[in-house]
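Structural overview
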Amino acid sequence: MSVNQHTHAGPPYGQPQPGYQGYQQPAYGGQPLPGVPHTQYGAYNGPMPGYQQPVPPQGSVRALPTSGAPPPASGTSLPSGHQGYSQFGQGDVQNGIPTSTAPMQRPPASQPFLPGSAPAPVSQPSTFQQYGPPPSSVQQLSNHMAGMTIGSTSISAPPPAGLGYGPPTSVPPVSGSFSATGSGLYAPYTASQGPPPPSVPQGLPLAQPPFSGQPVPTQRLPTEVPGFAPPPSSTGIGPSSYPPSTGAPRPPPMPGPPLSGQTVAGPPMSQPNHVSSPPPPSTLSGPHPGPPMSGLHGPPPPTHPPQPGYQMQQNGSFGQVRGPQPNYSGAYPGTPNYGSQPGPPPKRLDPDSIPSPIQVIEDDRSNRGSEPFVTGVRGQVPPLVTTNFLVEDQGNASPRYIRCTSYNIPCTSDMAKQSQVPLAAVIKPLATLPPEETLPYLVDHGESGPVRCNRCKAYMCPFMQFIEGGRRFQCCFCSCVTEVPAHYFQHLDHTGKRVDFYDRPELSLGSYEFLATVDYCKNNKFPSPPAFIFMIDVSYNAVKSGLVRLICEELKSILDYLPREGNMEESAIRVGFVTYNKVLHFYNVKSSLAQPQMMVVSDVADMFVPLLDGFLVNVNESRTVIASLLDQIPEMFADTRETETVFGPVIQAGLEALKAAECAGKLFIFHTSLPIAEAPGKLKNRDDKKLINTDKEKTLFQPQTSFYSNLAKDCVAQGCCVDLFLFPNQYLDVATLGVVTYQTGGSIYKYAYFQLETDQDRFLNDLRRDVQKEVGFDAVMRVRTSTGIRATDFFGAFYMSNTTDVEMAGLDCDKTITVEFKHDDKLSEDSGALLQCALLYTSCAGQRRLRIHNLSLNCCTQLADLYRNCETDTLINYLAKYAYRGVLNSPVKAVRDSLINQCAQILACYRKNCASPSSAGQLILPECMKLLPVYLNCVLKSDVLQPGPEVTTDDRAYIRQLVTSMDVAETNVFFYPRLLPLTKADVDSDSLPAAIRNSEERLSKGDIYLLENGLNIFVWVGVNVQQALIQNLFGVSSFSQISSTLSTLPVLENPFSKKVRSIIDMLHLQRSRYMKLIIVKQEDKLEMLFKHFLVEDKSLTGGASYVDFLCHMHKEIRQLLS
Amino acid sequence: MATYLEFIQQNEERDGVRFSWNVWPSSRLEATRMVVPLACLLTPLRERPDLPPVQYEPVLCSRATCKAVLNPLCQVDYRAKLWACNFCFQRNQFPPAYAGISEVNQPAELMPQFSTIEYIVQRGPQTPLIFLYVVDTCLEEEDLQALKESLQMSLSLLPADALVGLITFGRMIQVHELSCEGISKSYVFRGTKDLTAKQIQDMLGLSRPAVPIQQGRPLQAPEQPVISSRFLQPVHKIDMNLTDLLGELQRDPWPVTQGKRPLRSTGVALSIAVGLLEGTFPNTGARIMLFTGGPPTQGPGMVVGDELKTPIRSWHDIEKDNARFMKKATKHYETLANRTATNGHCIDIYACALDQTGLLEMKCCANLTGGHMVMGDSFNTSLFKQTFQRVFNKGLNGEFRMAFGANLEVKTSRELKIAGAIGPCVSLNVKGPCVSENELGIGGTSQWKICGLDPCTTLAIYFEVVNQHNAPIPQGGRGAVQFVTQYQHSSTQKRIRVTTIARNWADAQSQLQHIEAAFDQEAAAVLMARLGVYRAESEEGPDVLRWLDRQLIRLCQKFGQYNKDDPNSFRLSESFSLYPQFMFHLRRSPFLQVFNNSPDESSYYRHHFARQDLTQSLIMIQPILYAYSFHGPPEPVLLDSSSILPDRILLMDTFFQIVIYLGETIAQWQKAGYQDMPEYENFKHLLQAPLDDAQEILQTRFPMPRYVHTEHGGSQARFLLSKVNPSQTHNNLYAWGQESGAPILTDDVSLQVFMDHLKKLAVSSAA
């Protein structure tokens, strides 16, 4: 009961149960209407038709629901398109062969998904039998089934099966009711599966057997079809992109016949629309995808509503589907097209037809932004990071602390491997919460420390089971039974819950803190309060640019805002000052001195701290001396002519100082140049752009000496975190200088060509925030998981001395660690998978604490469940970090390729196992991942993986390190910047204008736009903008007079200016770094830079446009499928 | 020339030279048989208020290998304006300025009374004197306070234009920049790392872009001052600054845990001081003044670890080769000392602590550079305060009693060669025709460098007669020696002092009595003692004693009159009569006996012994004892236990200590308070008399002696008892209870026993 913060305690505990209500999630309820999407489809028209055709199988399914508007007929043309794709042939094969050959082609075990894709339901029966023996696991079966169903649409037989399965798949997601039904449904399946298993590989065939088993389904199919449409889980994208290549010509072949030709043929018939594409080869007919997943649900259509996701697919609906299924409703605009222009394969895919991030974000915002997210239920997918929502902790950690790539984890590693969906959690242990949410309570378990499992040492959490009347508890992670310490004993109520359940945060909340005992401290000694050491470069450049003066001025006031704990009067943090160029100057600012004393250490080869007493001081006590020092520093070095600097010794000095003071702390280093002075850690200029795109490119990201890595190790051991503020005028090797920062959990800030006038605001804001933000020191984080999975890989700014503990000298509220999990055993659906992230750290007041975050996830045996509970933003976060780490060791090209490959595999697996059968030419994306291609493309085009000529080596290294610590929200906006039409802003409300997609096409010459990516804000001014607007915003009378060197907008008293500035201020508040404001005039030089961020367009450096990439991705998928 | 005694004194007065033999045996063989080598004690800068320096350059012999200075012994042809060098017989033209020379118009250097003459010459830039304080901060608060005050006070004693610098050290070393306003700046070095001069200069930012220091280029002004001024500033400019700085000086802030010594980086601190001066002011007069309150405990030059449980090495440890750090530390300081000497700077060591401070290892710093060495118990004692103040004393003519960078060159006439020198100097390794192959002391050279010297600094210089037995010296021929000392005067002038002396040759076989009569036994004793102490530094103590004994016996055999094997018949002439007694006391002195002394103390004593003039040296060998009683005026008495009588007050001066000892009765009277009774005013006077006399000595002696006031039975009486000849001990019981003195509890032999043995050995035919 040692909860410290009583006040808060009340509410959270009090409402334990309400949380459940969460289930009701309006979202679900609200979006029952799958139908809507269809309508949208119709709208789509244009390019689409081509797509549909390819897809045949699945397409058919949807087609029905959609309303068929997009007559398959058009599809006929599609076929040609398919051929264009290499997959054509394959597609055919599958289709054709399925019955007989299928087994041959794919070893059952390895590619269970195929079945789904295999369109040939008809043939299935036969194949089926053959397979009889097949080993496939239940999951697979279900998958197959899913596939079947999809396919089934076309073929009567399959549908039934689909229905049967449907339920199960859908179930997992949310409602309890589902599960119930699901289980019921399952049973039959399994039964049916019995036989099918063997053939699994060739799922399709297998699938049928079940059908036979359950005749009913067949009937449903037809009816359901419509339902399917909604099953959104997957989004299909027409081959639209492809069309350009050959789509047009081929279509002809596609027509009717082809379909039939392909095993699928049968089904296609039923769904004219899709069928048209029968020549599955046309694959492209993407839009169909929708159905796959949904297929299962098919029957449930009515139920779907709760799970909007499903609906999404409904081809047509994509773009506008939302209405019905807000959540998922991706931007599937494409679908409509299908219907409309089947025949004439459009040369170019209409950008509006492909999934739109903006749409997805908007939908999520409107669907989930209004109600608090209650964390009581296992495996709930939280709202997107772009949605504003409140979180109510009812036993699971807030998504602000942990987000997962999927909230439904495959039970087995085979499944996980098959899907290729990385299982990862993005953890931000000290995340800042909005004021409305409650900070984690501090729990004190007394002298014996937190109650933990005896075996795995997991901390007491809501998932622990108390047994034997409360005398023991069983660990939810390892099942070990541990005695409850006497002082912690409490009786259980009739439900088996402890009577004090609601009084103890560790029993009822997902996140809380324990007060650590001395056993958790270094050297078994309670830590002293941490210290901040400011280390200022005073070489010629720094002095001349006015930087030194600026820093000193700022420090005077900033020192009053050091972080303090709770409601402490003053910060416990002590401060110290060092200046340096080729040598270091320490300052004695002991309060008893009349004047500060400077101590020069020139023995940089062997750094040490020249003083103990008086170096680290309490700000209030030494206020006058510090002020005097900060006044004098700029004067003392005003005439310096020293241009060389050292760097390694600077960190060493800070480290030694902390060692001497026996405390943890943070170094704030303000540095300007490549450290070429003779000293340890001396660097040479090795920047060489010629290395780009060679095997040696990776060396640019690697530190040029191991010195800093070793130093970092020492720093971590001492709890010495290093924050680096760089002001380079030329190459200074961020890759090397940043090593220590990176490994100690620090932050790097870089201000290239720093100029006082333009950059001071940005720098000062960053500095203020960096100094003030909440930070923990000497931190160790460990993630424990249920038996069955294990945290195997970690990404972020930290150091690891073993394979399980993430060590960080400092960890602030912005730092994020991405953790990847791998199976090492099976999980069970019943118990799900639990994560417990325990962070041991020293607070800014020197208190040793443990912060615990718990999260429970579902486990699934059906791949569809996995795909339905994914979070693309998190996935991108993981993939980006994975790739950015990859560049250290592999050629950039290899990294890009592997990214594409993995993405293709993920999607192909979905297509194969979860999507309803459709033509191979159809691109079908899972609803939850429909943005994966566009986002991935952004990652691929990012400066690190595909640098333009103007991107410096330092920039790349900087970005690389930056991204590694980003949370999901940051990576989201970083890779897909937010583009706001300022001129559309409503000056009377305080809301932001609706964002638009990042493409030049979307810009109007008569408007002003704002683009932000977390680092920069661009204000783009069209050439035709009204003079009045220009006058209002910039205070100049014409476009030509706008200065592109402005770093802030002038403060003008008019609604528009106020509005724009308030928008900018609002954006700044949302980001951890103060963004650089750049004014871009259309057709001005800077526009090139701006265009770089229009990520849906083809980039100048060869990055693919969204459309092109999507086509490419489709091609990859088809290759995989064939 | 009445007696040799007067002659000797006169010579000493005028030239600052005392020869062991004032008539020289004319052949090598004879000379070696004289036992005591032909040698002299030279006080190069002996104060001569009556000697105004001349303001011109000396005239040198034109022979390149000679370059002797024109002197009164040269033969001059006034008409031809020629002079013949009395060392190499080169005939030289007088320079044009001497055109007006004649018998009646002689330049000073030709007048016999100017056998010692001083020239002021204009050479090179005149750099102000430099004082670099190197201050230990690992002191007790009181000590540090006292030291700070002394240092602050010393600023007022320095010449106004002198440059002064400050280095403080403890665990770290701080070189304080003195030129800055506002923030006080210092460069900090860690105490565990030895740095080369180059590194130090780089780190202090003193490296100059390859402009080698050139002498004789007075106007490098723009650069030189800028660079050096950061750490070395004229006193008058930064007087206030430095006073404040010293005032703010804190004890070393690094925590010292229980059972540990503070970490003291003396070795590196000195190294930095040396490097600093080396880089900025090579070859100019500079004093590095090291103030330390304990042993170096870390880094190069460490003498002992910081664990208090391991005591500092004792003689016992050294003998057993158990002194871990000694060799390494000694080497470190020797290297430093040699570098310092090369640069012409000197190092003073002021070590004040109750325990040892590592003087043994550091001694060479002072010994080789002519620096002072002062040892005390605390900086908060008058011993230190007065002594330190006296460093800046001014002489009779109002000038500082210090000189720098002296180069002593010795020239001899052909019959003599130079065997070596012993004193606070280093060899300059100048070989020449007059350098002997046999070395005594620092040999193999005819020139030595004495980086720091004062009017008392005295060197022993040893010669060898090389004239062969069969090459007789012409009747009336005289051997000559010329000492040329170039140095930087405290006024920063360059000066050259030239002393030329000559002595008669005598054939030892035919004129032994002349030689014998011209024996200066005091000088001889000191010269032999210096040799002995010099040897003791490198040899085992007993060996040195044996060597001394043998020399003494041989001398007695040579010059004693006796019948073989009849000890009772042994007699020594007057000129030798005191010599054995000196040797007796020398044997017992702390210079050769390390028993009961710490290695530091031994080093300290030896340091002073090797640089003081004859009078002081004799006091050191055989302390002086005065007796005060109602029986008559104060009188010198024998340094013998028999002199210790109850009704006497004794005053003993051992140079290092002044002991006042109240006899038993006197002490009782004093306790009874008689001195306060008006009717016993005479007793009060009696008590006061020795105090006044002691005061007089204390006022002038450098370093100030330890002042001990004790009485019969007092614990400090040991200072007296250990010095007196133990004529009465517990072993010769017959003396017990007699009125004639106090028994000494010792097993040491008494002078009588010693003499008996000596006689026996001297007359023994077996020897």
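Residues numbered from 1 in each chain as written. Chains lettered and ligands numbered in written order. Predicted model: local features only at pLDDT ≥ 70, side-chain atom pairs only at ≥ 80, totals over all residues. Heavy atoms only, no water.

Notes on the overall build of chain A
To be explicit about the condition: In DSSP terms, a helix is any run of H or I states spanning at least four residues, a strand is any run of E spanning at least two, and both are numbered starting from the N terminus. For each residue, the accessible area found with a 1.4 Å probe, counting protein chains only, is set against the maximum for its type, and the residue is called buried under 20%, exposed over 50%, and partly exposed in between. By definition, residues are in contact when any of their heavy atoms lie within 4.5 Å. The protein chains shown are the only cover counted for residues, whose accessible areas, like all others here, come from Shrake-Rupley with a 1.4 Å probe.
On a plain count of helices and strands, chain A comes out with 44 helices and 30 strands. Residues classed as buried in chain A amount to 67% of the 1122 residues present. In chain A, once contacts between residues fewer than 6 apart in sequence are set aside, the share between residues at least 24 apart is 79%. Within the structure as shown, chain A displays about 34,400 Å² of accessible surface, and the carbon and sulfur contribution to it stands at 53%.

Details of the interface of chain B and chain A
The test is simple: Two parts lose some accessible area (1.4 Å probe) when they are put together, and adding that loss for both gives the buried area. For this analysis, a salt bridge means a side-chain nitrogen from Lys or Arg found within 4 Å of a carboxyl oxygen belonging to Asp or Glu.
The partner chain A presents 24 residues to the 20 residues of chain B that form the contact. Summed over both partners, the interface of chain B with chain A comes to about 1,800 Å²; 59% of that surface belongs to carbon and sulfur atoms. There are 3 salt bridges connecting chain B and chain A. With a shortest N-O distance of 3.8 Å, B:Lys193 and A:Asp606 are connected by a salt bridge.

Section: the packing of aromatic side chains
Put simply, the test is: Only Phe, Tyr and Trp rings are paired, with Trp represented by its six-membered ring, and only when their centres lie within 6.5 Å; those with planes under 30 degrees apart are stacked, over 60 edge-to-face, the remainder tilted. As a reminder, the over-ring test applies to NZ of lysine and CZ of arginine, requiring each to be within 6 Å of the ring centre and within 35 degrees of the ring normal.
On inspection of all chains with the given rule, the structure shows 70 aromatic pairs over all chains. Summarising the aromatic geometry, the rings of A:Phe501 and A:Tyr502 are spaced 4.7 Å apart at their centres and angled 90° between planes, so their arrangement reads as edge-to-face. Exposure remark for A:Tyr502: the relative accessible area of 23% places this residue in the partly exposed category. Through a chain of ring-to-ring contacts, the aromatic side chains of B:Phe131, B:Tyr133, B:Phe291, B:Tyr350, B:Phe379, B:Phe384, B:Phe388 and B:Phe392 assemble into a single cluster. Its guanidinium or amino end placed over the ring of A:Phe389, A:Arg400 lies 5.2 Å from that ring's centre, counting from NZ or CZ. Between the NZ or CZ atom of A:Arg498 and the centre of the ring of A:Tyr488, over which it lies, the distance is 4.3 Å.

Quick notes on the UniProt feature "domain: Sec23/Sec24 helical" (unreviewed entry) in chain A
Under the convention used in this document: UniProt positions are given in the numbering used here, feature names are shortened, and annotations may be inferred rather than shown by experiment.
The sites that UniProt annotates as "domain: Sec23/Sec24 helical" (unreviewed entry) are residues 872–971 of chain A. Regarding residues 872–971 of chain A, the helix share stands at 63% and the strand share at 4%, and the terminal C-alpha atoms are separated by 11 Å.

Some thoughts on the UniProt feature "domain: Sec23/Sec24 helical" (unreviewed entry) in chain B
Cross-referencing UniProt, the feature "domain: Sec23/Sec24 helical" (unreviewed entry) maps to residues 520–618 of chain B in the present numbering. The annotated region residues 520–618 of chain B carries 64% helix and 9% strand content, and the separation between its end C-alpha atoms amounts to 13 Å.

Here's the deal with the pattern of salt bridges
Residue and element names in this part refer to chain A. Per the counting criterion, the structure on display carries 85 salt bridges over all chains. Between glutamate 483 and arginine 472 there is a salt bridge whose closest N-O contact spans 3.7 Å. In this pair, glutamate 483 is assigned in strand 10 (residues 481–483) and arginine 472 in strand 9 (residues 472–474), connecting sequence segments 11 residues apart. When its relative accessible area of 46% is taken as the criterion, glutamate 483 is described as partly exposed. Judged by its relative accessible area of 29%, arginine 472 falls in the partly exposed class. Measuring nitrogen to oxygen at the nearest pair gives 2.9 Å for the salt bridge that ties lysine 893 to aspartate 897. Placement of the pair is lysine 893 and aspartate 897 together in helix 37 (residues 892–913), with a separation of 4 residues, close to one helical turn. The network of salt bridges with common partners includes Arg769, Asp770, Lys773, Asp812, Asp814 and Lys815.

Points about the UniProt feature "domain: Zinc finger Sec23/Sec24-type" (unreviewed entry) in chain A
In the numbering used here, UniProt assigns the feature "domain: Zinc finger Sec23/Sec24-type" (unreviewed entry) to residues 450–488 of chain A. Taken as a whole, residues 450–488 of chain A contains 0% helix and 23% strand, while its terminal C-alpha atoms sit 10 Å from one another.

Quick notes on the nonpolar core
Inclusion rule: For this analysis, a nonpolar core means a set of buried residues of the types Ala, Val, Leu, Ile, Met, Phe, Trp, Tyr and Cys, connected via side-chain atoms within 4.5 Å.
If you look at the biggest cluster of nonpolar residues, it comprises 238 residues, and the most contacted ones within it are A:Phe577, A:Phe763, B:Tyr133, B:Phe291, B:Phe463 and B:Phe483. For B:Phe483, the contacting residues outside a window of four places in its chain are B:Val17, B:Cys40, B:Leu42, B:Leu408, B:Glu409, B:Val410, B:Ile461, B:Phe463, B:Arg497, B:Val498, B:Thr499 and B:Ile501. Core analysis: the second largest hydrophobic core is formed by 147 residues, A:Val646, A:Ala712, A:Leu726 and A:Leu962 among them.

Remarks on the sheet that holds strand 1 (residues 17–19) of chain B
Residue and element names in this part refer to chain B. Cut-off, in case you're wondering: If DSSP finds at least two bridges between two strands, the strands pair. To get an axis, a line is fitted to the C-alpha atoms, and for a helix only the part in contact is used. The angle between two axes follows their N-to-C directions and goes from 0 to 180 degrees.
Across the sheet, 4 strands lie side by side as 1-3-20-17; this open sheet has antiparallel pairing. On the outer flanks of this sheet lie strand 1 and strand 17 (416–422), each paired with one strand and no other. Direction aside, the axes of adjacent strands within the sheet are offset by 25° on average. Relative to strand 20 (residues 459–465), strand 17 runs antiparallel, the two sharing 6 bridges. When the sheet's bridge partners are listed, lysine 417 is paired in strand 20 with glutamate 464.

Some remarks on unusual backbone geometry
Residue B:Pro703 follows B:Phe702 across a cis peptide bond; omega there is -5°. Here B:Pro703 shows up in the loop between helix 19 (681–700) and strand 29 (706–711). With a phi close to 50°, A:Asp778 is a non-glycine residue in the positive phi region. With respect to the secondary-structure elements, A:Asp778 resides in strand 20 (residues 775–785). Given the relative accessible area of 13%, A:Asp778 is considered buried. Within the chain, B:Lys67 stands out as a residue other than glycine whose phi angle is a positive 55°. With respect to the secondary-structure elements, B:Lys67 resides in the loop between strand 3 (39–42) and strand 4 (75–77).

Points about the pairing of strand 6 (residues 423–427) of chain A
All names here are of chain A. For strand 6, a buried count of 5 out of 5 residues is recorded, marking the element as mostly surrounded by other parts of the structure. As defined by bridge partners, strand 4 (residues 402–404) adjoins strand 6 across 3 bridges and the pair is classed as antiparallel. Residue pairing in the sheet places cysteine 404 in a bridge with alanine 425 of strand 6. Strand direction decides the pairing type here: strand 6 and strand 23 (residues 817–823), joined by 5 bridges, are antiparallel. Pairing of alanine 424 across the sheet is with glutamate 820, part of strand 23.

Brief notes about the sheet that holds strand 27 (residues 978–981) of chain A
Residues and elements named next belong to chain A. Ordered in space as 27-28-29-30, the 4 strands form an open sheet in which the pairing is mixed. Only two strands of the sheet have a single partner each, and these edge strands are strand 27 and strand 30 (1076–1081). The sheet shows a mean angle of 20° between the axes of neighbouring strands, taken without regard to direction. With 5 bridges connecting them, strand 28 (residues 1008–1012) and strand 29 (residues 1016–1021) associate as antiparallel partners. Note on strand 29: the bridge partner recorded for tyrosine 1009 is tryptophan 1020.

Quick notes on the confidence of the model for chain A
Rule in force here: Each residue gets a pLDDT score, which is the predictor's confidence in that residue and runs from 0 to 100.
Here chain A averages 75 in pLDDT, and 69% of its residues register 70 or above. Across residues 1–346 of chain A, where pLDDT falls below 50, the model places 1315 contacts with residues more than four positions away in sequence or in other chains.

Let's talk about the domain arrangement of chain B
Cut-off, in case you're wondering: By convention here, the domain bounds are inherited from an automatic or database domain assignment.
For chain B, the domain assignment lists domain 1 (4–56 + 114–122 + 401–506), domain 2 (130–205 + 228–391) and domain 3 (623–724). Using only C-alpha atoms to locate each centre, domain 1 of chain B and domain 3 of chain B end up separated by 39 Å.

Topic: helix 42 (residues 1055–1070) of chain A
Residues and elements named next belong to chain A. Spelled out, the test is: In a helix, the anticipated span is given by 1.5 Å times the number of residues less one.
With 16 residues, helix 42 extends 22 Å between its outermost C-alpha atoms, agreeing within 8% with the 22 Å of an ideal straight helix rising 1.5 Å per residue. Listed in full, the buried residues belonging to helix 42 are Phe1056, Ser1057, Lys1059, Val1060, Arg1061, Ile1063, Ile1064, Leu1067 and His1068. Elements that come into contact with the buried residues of helix 42 comprise strand 27, strand 28, strand 29, helix 41 (1027–1034) and strand 30.

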